[in-house]
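What the coordinates show
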Amino acid sequence: MATAGGASDISLNGGFPDLSDESVSELVSSIDRGGYGVVSHYLKQHELDQLHAFVEDTVQAAGNQYVCFTGCEDLAGTPLERMAKSPIFRRLCTRVYERATGNQAPDQPYYQILRCLTGSSSQQHSLRFHYDSYVLTALLPICVPEGRHSGELLMVPNTRSVRTWYAQNLIDKLLVDNPLTQLLLRRLAKAPSSHLVRIKLKPGNLYLFWGYRSIHTNEPCDPDKTRATALFHYVDPHTDSRLKRALRGSGPL
Ligand SMILES: O=C(O)CCC(=O)C(=O)O
Ligand SMILES: [Fe+2]
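This write-up is about the structure you can find in this document. Each chain carries its own residue numbering, running from 1 in the direction its sequence is written. Numbering of ligands from 1 and lettering of chains from A proceed in the order in which they are written. Local features in this predicted model are restricted to residues of pLDDT 70 or higher, and side-chain atom pairs are both shown and tallied only at a pLDDT of 80 or more, whereas totals for entire chains, interfaces and linings draw on every residue. Hydrogens and water are ignored here; the side-chain numbers use all heavy atoms of the structure.

**Some thoughts on the layout of surface pockets**
Its volume calculated, the second largest pocket comes out at about 190 Å³. Lining the second largest pocket we find Leu 127, Arg 148, His 149, Glu 152, Arg 186, Ala 189, Lys 190, Arg 198, Glu 219 and Pro 220. Counted by class, the lining of the second largest pocket contains three nonpolar, one polar and six charged residues. Buriedness for pockets is judged along seven lines, at least five of which must meet protein on both sides within 12 Å for an open set on the 1 Å grid over protein atoms alone, while cavities are sets there where a 1.4 Å probe fits but cannot get out, and lining residues have an atom within 4 Å of a point. Grid points are joined across faces, edges and corners, and a volume is the space filled by probe spheres set on the points. Here the nonpolar group is Ala, Val, Leu, Ile, Met, Phe, Trp, Tyr, Cys and Pro; Asp, Glu, Lys and Arg are the charged ones; every other residue, Gly included, is treated as polar.

Have a look at this one:
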């Protein structure tokens, strides 16, 4: 897996790594070929420590159960808020998007979440295979349990193209999000399969993949451990869809 990071062509600009055009090209071909690309050591150790402490407090306040924050209102003062507002991080996302699609990156906000998996409810938020609604997914692992059940990221990469019509996208999603397909995909996850990419996440690295185009999910982790990931989803290709607007309010379609 080709990775960017640790290389001399990365400069630190305003706190976050600023990648050269060459690194961005490498990332894009890595995502296209192998399903994902990595920027190593995207966060500095003290930023990671700060987020670690934030996640621990959050999980404790939630009674050691699953917590998910949407947006960055609850993340004030953390590196995740800084990332959401960082022009350098935005430039990375737009360049990756533009390099891959040949289209100008639209000025859309991220759909940002922080997911903390722990306790008995962590199982029900795992192995739920899906397509994202956004073209690019940037995933930053914060806490990854040691050992066998470390909540790996599973992916069948690049199984569809970006659809012209929102209705096509809906059909794709329904074909994945049904009990039979979920069962088959869970079986595939258990079998040694060359179709399924299994990513052991390393805290502080940044993982990029085509969330819209790739079926993916996370494996569960032990209930007494915490697995926390921050996600920045970028570019909804169906913002102009009238059907989407009409269905808004009927769930996260
Ligand atoms: O937490 C993860 O590893 C993946 C989560 C995900 O796919 C999503 O939120 O869209
Ligand atoms: Fe996703």
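**Some thoughts on the pattern of salt bridges**
Within this document, salt bridges are pairs made up of a side-chain nitrogen of Lys or Arg and a carboxyl oxygen of Asp or Glu, the two lying within 4 Å of each other. For the structure on display, the rule yields 12 salt bridges. Lys 44 is the partner of Glu 47 in a salt bridge, and the nearest nitrogen-oxygen pair spans 3.8 Å. Each residue is placed in one exposure class: buried if its accessible area under a 1.4 Å probe, protein chains only, is under 20% of its type's maximum, exposed if it is over 50%, and partly exposed if it falls in between. Overall, Lys 44 belongs to the partly exposed group, its relative accessible area being 31%. If you follow the salt bridges from partner to partner, you end up with Asp 18, Asp 21, Arg 91 and Arg 95 in one network.

**A closer look at the site of ligand 1**
Think of it this way: one heavy atom of a residue within 4 Å of a molecule or strand is enough to make that residue near it. What surrounds ligand 1 is the set Ile 113, Arg 115, His 130, Asp 132, Leu 139, Leu 153, His 216, Asn 218, Arg 227, Thr 229, Leu 231 and His 233. Throughout this description, a polar contact denotes any pair of N or O atoms lying within 3.5 Å of each other; where both atoms belong to protein, one of them has to be capable of donating a hydrogen while the other can accept it, and for residues adjacent in sequence the pair is counted only when both atoms sit in side chains. Contact distances for ligand 1 include 3.1 Å between an oxygen atom and a side-chain N or O atom of His 216. Protein burial of ligand 1: of its 290 Å² of free accessible surface, 93% is covered by the chains. Here the shell around ligand 1 gets four residues from one element, more than from any other, and that element is strand S12 (residues 227-234). Class assignment of the residues belonging to the shell around ligand 1 gives a composition of four nonpolar, five polar and three charged. Computed with a 1.4 Å probe, the accessible areas rest on the Shrake-Rupley method; for each residue, only the protein chains presented here act as cover. Only DSSP runs of H or I with at least four residues qualify as helices, and only runs of E with at least two residues qualify as strands; both kinds are numbered from the N terminus onward.

**Quick word on the coordination of the iron ion (ligand 2)**
For Na, K and Ca the donor cut-off is 3.2 Å, while for other metals it is 2.8 Å, and in both cases only N, O and S atoms qualify; water is not among them, so sites may look incomplete. Within the first shell, the iron ion (ligand 2) binds the protein through His 130 (NE2), Asp 132 (OD) and His 216 (NE2), at distances of 2.1 Å. We note that the donor set of the iron ion (ligand 2) lies within a single chain, spaced as H-x1-D-x83-H. Linking Asp 132 in the loop between strand S6 (111-117) and strand S7 (136-143) with His 216 in strand S11 (residues 215-218), this pair joins segments that are 84 residues apart in sequence. In this structure His 216 comes out as buried when scored by relative accessible area, which is 5%.

**Let's talk about the sheet that holds S11**
In this scheme, strands are said to pair when DSSP sees at least two bridges between them. Taken in spatial order, the three strands make up an open sheet running S9-S8-S11, and their pairing is antiparallel. Whereas interior strands pair on both sides, the edge strands pair on one side only; in this sheet they are strand S9 (197-199) and S11. Mean inter-strand twist for the sheet, computed between neighbouring axes without regard to direction, equals 15 degrees. For strand S8 (residues 153-156) and S11, the ladder comprises four bridges, and the chain directions are antiparallel. Bridged to Val 156 within S11 is Ile 215. Only C-alpha atoms enter the line fits that serve as axes; for helices the fit covers just the stretch in contact. Angles between N-to-C directions range over 0 to 180 degrees.

**Thoughts on the pairing of S7**
Burial analysis of S7 places eight of its eight residues in the buried class, the great majority of the element. Inspection of the sheet shows S7 paired to strand S10 (residues 206-209) by three bridges, in the antiparallel sense. Looking at the pairing, Leu 139 lines up with Tyr 207 of S10.

**Digging into the nonpolar core**
Looking at soluble globular proteins, one finds that nonpolar side chains tend to be buried together. Only buried residues count toward a nonpolar core. Its members are Ala, Val, Leu, Ile, Met, Phe, Trp, Tyr and Cys residues joined through side-chain atoms within 4.5 Å. Within the largest apolar cluster, 42 residues are counted, with the highest numbers of intra-cluster contacts made by Tyr 42, Leu 80, Met 83, Phe 89, Val 96 and Leu 206. In terms of residues, this core owes the most to one element, helix H4 (residues 87-101), which gives six residues. Of all hydrophobic cores here, the second largest spans 13 residues; its members include Ile 113, Leu 153, Phe 209 and Leu 231.

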